[in-house]
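Below, each chain spelled out in residue letters.
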Amino acid sequence: MMLFSLRCCFLGISILLSAGGAYLVAQDQADITERQQDLLYKKWYDSQKNQSGIYNGRHYVDYTRLLKEGHVFFDSTATVPGAVRYNQVTHDNIPMLLDLVAEELIVQHFNGVFLIQLVKDKVEWFEINGHYFEHLGAEDGLSPGFYDKVYEGNALKLYVRRRKLIHEEIEHMQVQKIVLPEDRYYIHKDGEFHLVRSKASVMKLLGNKKRLGEALRAHKIQKFRAHRERAIKTMVEASDTWR
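These remarks concern the structure in this document. Predicted model, so just to flag it, every value in this text is computed and none were measured.

On to the pattern of salt bridges. With the rule as written, the count across this model stands at ten salt bridges. The partner of Lys 157 in a salt bridge is Glu 152, with the nearest N and O atoms 3.8 Å apart. Judged by its relative accessible area of 24%, Lys 157 falls in the partly exposed class.

Below, the structure written as structure tokens:
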């Protein structure tokens with residue numbers, strides 16, 4: 001009987017030790033996983049801090065709540081990852097927005113809370129939503145700002161200065177603010193930028209009206225005003241292939 005009791009006691013201690021060992025192993029694994037997560041987070045955080053030069057600017061205040069209709073940004077109201085050449089340094093995978101009313105490039109701080117308005121004169125170029133913008137100015141014969149390069153060929157380039165304006169309307173004795181786009185198109189030819197507004201102005205600049213007309217018809221573009229950007233780009237591309 002005494003021998004049986006000792007055996008039971010020994011078995012009980014073994015079970016307790018096994019259970020405790022399993023708990024300790026599980027606890028160690030949890031600690032390792034947590035430490036790994038902390039290291040990964042620290043690595044990400046440090047990588048963002050290494051790009052601290054991009055966070056040199058003013059705090060951006062969102063004023064879109066005052067608008068009744070539309071938004072002030074290019075394409076998206078949410079930040080999207082992009083690249084920017086800022087203060088002679090290229091930064092990749094930066095969450096950003098482009099305010100087309102104020103014409104300011106906005107980046108999200110790495111803490112995920114603040115929005116930073118970059119110093120415009122320090123922005124050389126940036127890529128956002130598949131579009132490549134260059135900062136051009138008086139030295140190029142243009143009003144300073146961001147210009148979207150939508151086509152670059154052998155002899156011709158096409159840029160769009162994308163802007164939005166806030167219009168005020170009176171409705172029920174109250175001022176309502178709406179946002180409307182106002183894009184301007186520039187063809188770079190023979191080292192100079194030329195502002196084009198109509199189909200006639202594009203044809204006058206590029207020449208060969210008959211072939212340009214044929215190019216528009218081939219792309220099934222019948223109304224220039226309804227498809228202005230596509231029409232201008234089609235004519236520029238066609239003209240560039242003939243040069």
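Read on, since the account is not over.
Within the open sheet, the eleven strands sit side by side as β1-β5-β4-β3-β2-β6-β7-β8-β9-β12-β13. Their pairing is antiparallel. Two strands bound the open sheet, and with one partner strand each, they are β1 (57-59) and β13 (192-196). Shown here is a sheet whose adjacent strand axes are inclined to one another by a mean of 40°, direction ignored. Where strand β9 (residues 156-161) and strand β12 (residues 184-189) come together, six bridges link them in antiparallel fashion. Residue pairing in the sheet places Tyr 159 in a bridge with Tyr 186 of β12.

Along helix α3 (residues 209-218), the residues that are buried comprise Leu 212, Gly 213, Ala 215 and Leu 216. Projection of α3 onto a plane perpendicular to its axis shows the buried side chains occupying an angular sector of 155°, all on one side. Opposite the buried face of α3, by more than 90 degrees, sit the exposed residues Lys 210, Arg 217 and Ala 218. Of the surrounding elements, those touching the buried residues of α3 are α2 (199-206) and α4 (228-241).

For the rest of this paragraph, the subject is the pairing of strand β4 (residues 104-108). Taking burial as the measure, the five residues of β4 include four buried ones, the bulk of the element. Pairing between strand β3 (residues 89-99) and β4: four bridges, direction antiparallel. Note on β4: the bridge partner recorded for Met 96 is Val 107. Hairpin connection between β3 and β4: a loop of four residues separates the two successive antiparallel strands, and Glu 103 in this loop has a positive phi of roughly 50°. In textbook terms, the turn of a hairpin is the stretch between consecutive antiparallel strands, and for β4 and strand β5 (residues 115-118) this stretch comprises six residues, one of which, Gly 112, has a positive phi near 75°.

What follows covers the packing of aromatic side chains. Here the distance between the centres and the angle between the planes together describe a pair of aromatic rings. Taken as a whole and judged by the stated rule, the model has seven aromatic pairs. Considering the side-chain rings of Tyr 55 and Phe 110, the 5.5 Å spacing of their centres and the 55° angle between planes classify their relative orientation as tilted. Within this pair, whereas Tyr 55 is found in the loop between α1 (2-49) and β1, its partner Phe 110 is found in the loop between β4 and β5, the two being separated by 55 residues in sequence. Per residue, the accessibility class of Tyr 55 equals that of Phe 110, and both read buried.

Cut-off values and rules
- Residues numbered from 1 in each chain as written.
- Predicted model: local features only at pLDDT ≥ 70, side-chain atom pairs only at ≥ 80, totals over all residues.
- Heavy atoms only, no water.
- Salt bridge = Lys/Arg side-chain N within 4 Å of Asp/Glu carboxyl O.
- Buried < 20%, exposed > 50% of the residue type's maximum accessible area, 1.4 Å probe, protein only.
- Pairing = 2+ DSSP bridges.
- Helix = DSSP H or I, 4+ residues; strand = E, 2+ residues; numbered from the N terminus.
- Axes fitted to C-alpha atoms, helices over the stretch in contact; angles between N-to-C directions.
- Arc of directions from axis to C-beta.
- Contact = heavy atoms within 4.5 Å.
- Phe/Tyr/Trp six-rings, centres within 6.5 Å; stacked < 30°, edge-to-face > 60°.

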